[in-house]
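Here's the letter readout for the chains.
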Amino acid sequence: MRKNFGVQTYIYPQPVLIVGTYDSEGKPNAMNAAWGGICGRDKVMICMSDHRTTENIAQTKAFTVGIGDAKCVTACDYVGIVSGKNTPDKMEKSGFTTTEAEFVHAPVMEQLPISLECTLERVIDGEMYIGRIVNVSIDEQYLDEKGMPDLSKFSPITYDPAHHTYIALGEVVGKAFSDGKKLQ
């Protein structure tokens, strides 16, 4: 038997995406955006309503997307519940330190292992921001011996919309493009 919930945002995992921008004076800002993901080989889509971040994107046409990590859960949540419009020292209070991305004019949150550097491609229905990924940078301490991301060295978090919690992603349970061959 199944229970119906009607219209909900129950898709799992739901990545915790920290969107970084600069304002017109070069001051960094960040927000937590749970509704987003990859929507093409070189594109990311994030649903955002009216925020300081979206105002900044409209001006600079650039942003970064950091992947939320368990060690930064408090800072990740903070930038999602506090508005840069009302809290001028939001970034300082969050504890995130930033450097400018190498390929776009937007801040990288140094504490987050992975950062996608994006240019604004378009906005759909005033809230779905499509960014073209021009670079992905990963802190070298989170790479394996072959130079690839090593999920055993960091803990991406997912948002659970049913319980309003963050959950760290964990163990490997299968091999993509391989396990299904057992059924051929």
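What counts and what doesn't
Residues numbered from 1 in each chain as written. Predicted model: local features only at pLDDT ≥ 70, side-chain atom pairs only at ≥ 80, totals over all residues. Heavy atoms only, no water. Pairing = 2+ DSSP bridges. Helix = DSSP H or I, 4+ residues; strand = E, 2+ residues; numbered from the N terminus. Axes fitted to C-alpha atoms, helices over the stretch in contact; angles between N-to-C directions. Contact = heavy atoms within 4.5 Å. Salt bridge = Lys/Arg side-chain N within 4 Å of Asp/Glu carboxyl O. Buried < 20%, exposed > 50% of the residue type's maximum accessible area, 1.4 Å probe, protein only. Arc of directions from axis to C-beta.

### Here we look at the sheet that holds strand 2 (residues 28-33)
Here's step 1: Read across the open sheet, the seven strands follow the order 2-1-5-8-9-4-3; overall the sheet is antiparallel. With one partner strand each, in any of the chains shown, strand 2 and strand 3 (36-40) form the two edges of the open sheet. Across this sheet, the average inter-strand angle for adjacent strands is 35°, counted without regard to direction.
Here's step 2: Bridge count for strand 4 (residues 43-47) against strand 9 (residues 128-138) is five bridges, and the pairing is antiparallel. Residue pairing across strands places Val44 opposite Gly131, the latter belonging to strand 9.
Here's step 3: Here helix 1 (residues 52-60) sits on the sheet and contacts strand 1 (17-22), strand 2, strand 5 (62-67), strand 8 (114-124) and strand 9; the angle it forms with strand 1, its principal contact strand, is near 50°.

### Quick word on the pattern of salt bridges
Here's step 1: Overall, the coordinates contain ten salt bridges when judged by the stated rule.
Here's step 2: With its nearest N and O atoms 2.4 Å apart, the salt bridge here joins Asp42 to Arg132. With a gap of 90 residues between them, Asp42 in the loop between strand 3 and strand 4 and Arg132 in strand 9 connect regions that are remote in the sequence.
Here's step 3: Taking relative accessible area as the criterion, Asp42 reaches 16% and is therefore assigned buried.
Here's step 4: Overall, the relative accessible area of 31% leaves Arg132 in the partly exposed class.
Here's step 5: Arg132 is the partner of Glu121 in a salt bridge, and the nearest nitrogen-oxygen pair spans 2.6 Å. Within this pair, whereas Glu121 is found in strand 8, its partner Arg132 is found in strand 9, the two being separated by eleven residues in sequence.
Here's step 6: Given the relative accessible area of 29%, Glu121 is considered partly exposed.

### Quick notes on the environment of Ala168
Here's step 1: Mapped onto the fold, Ala168 is located in strand 11 (residues 165-168).
Here's step 2: Contact partners of Ala168, with chain neighbours within four places excluded, come to Ala70, Ser155, Pro156 and Ile157.

### What about helix 1?
Note on helix geometry: an α-helix contains 3.6 residues per turn, so any two residues three or four positions apart are oriented the same way.
Here's step 1: Burial in helix 1 covers these residues: Thr53, Thr54, Asn56 and Ile57. Buried residues along helix 1 cover an arc of 155° about the axis, so they all sit on one side.
Here's step 2: The elements touched by buried residues of helix 1 are strand 1, strand 2, strand 5, strand 8 and strand 9.
Here's step 3: Just downstream of helix 1 lies Lys61, where phi reads positive at about 60°.

### Some details on unusual backbone geometry
Here's step 1: With an omega of -10°, the peptide bond between Tyr12 and Pro13 qualifies as cis.
Here's step 2: Within the secondary structure, Pro13 sits in the segment before strand 1.
Here's step 3: Positioned with a positive phi, Lys61 is a non-glycine residue whose angle comes to about 60°.
Here's step 4: The phi torsion at Phe177 lies on the positive side, around 60°, for a residue other than glycine.
Here's step 5: Locating Phe177 in the fold gives a position in the segment after strand 11.
Here's step 6: Assessed through its relative accessible area of 80%, Phe177 is described here as exposed.

Remember that the coordinates give geometry; whether it matters functionally is a separate question.
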